[in-house]
Amino acid sequence: SQTIHQWPATLVQPVGSPLSLECTVEGTSNPNLYWYRQAAGRGLQLLFYSVGIGQISSEVPQNLSASRPQDRQFILSSKKLLLSDSGFYLCAWSVFFGEKLFFGSGTQLSVL
Amino acid sequence: GENVEQHPSTLSVQEGDSAVIKCTYSDSASNYFPWYKQELGKRPQLIIDIRSNVGEKKDQRIAVTLNKTAKHFSLHITETQPEDSAVYFCAASIAGGGNKLTFGTGTQLKVEL
């Protein structure tokens, strides 16, 4: 069966520090991969998605970037974090684009 | 692009009562409508989904109805229990059309004892 792993679970970072969040999917090939951000008590904001290795689409201009170095690996990065980057970051995957998304357990990021 | 509106933003019911959450979508080409449940601090989890070729789908105490003409769909939870308390998100997309899933803004459901 397919599983999605996301780490770390929590992260406290100072303003201006770099960020790297990693997500991997097991048990499937060529998944569609997504990064979402959820501010406290708010909805799901799509940040990036990828339909294949090296293919990244950005939904919101910001100081974050994403990469997909391997088929089942999706990385969210930042060179310099802002206070506004705080939130709950969720990785997700699907077999078919835009259908039946399965989410990772999330990373609670606090930028101080 | 697709726009999904969800109501109400908060809903409080007594245990055992029914709860209904409603969503409307803007793109008449949308044909896939999932619902997600997110407990506090947890990941959103898919609880039920419906495609536009059916008008209703049930799974135990939850059901989803779709009105394509009016472009709205609803989540119905019967015999609510405290463990149903969570945030529920609706969403819409054009399956097979390369369109991303667009989420509603969420409904905080509280089931009171």
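Everything here concerns the structure above.
For clarity, every value in this text was computed on a predicted model and none was experimentally measured.

Colleague: Explain unusual backbone geometry to me, and be specific about the residues and the numbers.
Modeller: In the segment running from A:Trp7 into A:Pro8, the intervening peptide bond is cis, with an omega of 0°. Looking at where A:Pro8 falls in the secondary structure, it is placed in the loop between strand 1 (3-7) and strand 2 (10-13). Residue B:Pro8 is reached from B:His7 by a cis peptide bond, and omega for that bond is -5°. Along the chain, B:Pro8 falls in the loop between strand 1 (4-7) and strand 2 (10-14). A positive phi angle, near 45°, is found at B:Glu79, a position not held by glycine.

Colleague: Tell me what's going on with the interface of chain B and chain A, and back it up with residues and numbers.
Modeller: If you look at the interface, chain B gives 20 residues, while chain A gives 18 residues. Between chain B and chain A the total buried area reaches about 1,600 Å² when both faces are included, carbon and sulfur atoms providing 57% of it. It is B:Arg43, B:Lys100 and B:Phe103 that lose the most area in chain B upon contact with chain A, and together they represent 33% of the buried surface on that side. The interface formed by chain B and chain A includes three salt bridges. With a shortest N-O distance of 3.7 Å, A:Glu59 and B:Lys100 are connected by a salt bridge. The interface formed by chain B and chain A holds eight residue pairs in polar contact (both at pLDDT 80 or more) in total. Split by residue class, the side of chain B that touches chain A holds eight nonpolar, seven polar and five charged.

Calculation criteria
Residues numbered from 1 in each chain as written. Chains lettered and ligands numbered in written order. Predicted model: local features only at pLDDT ≥ 70, side-chain atom pairs only at ≥ 80, totals over all residues. Heavy atoms only, no water. Helix = DSSP H or I, 4+ residues; strand = E, 2+ residues; numbered from the N terminus. Contact = heavy atoms within 4.5 Å. Buried area = accessible area lost by both parts, 1.4 Å probe. Salt bridge = Lys/Arg side-chain N within 4 Å of Asp/Glu carboxyl O. Polar contact = N/O pair within 3.5 Å; in protein donor to acceptor, adjacent residues only side chain to side chain. Nonpolar A, V, L, I, M, F, W, Y, C, P; charged D, E, K, R; others polar.

All quantities given are derived from atomic positions and should not be read as evidence of function.
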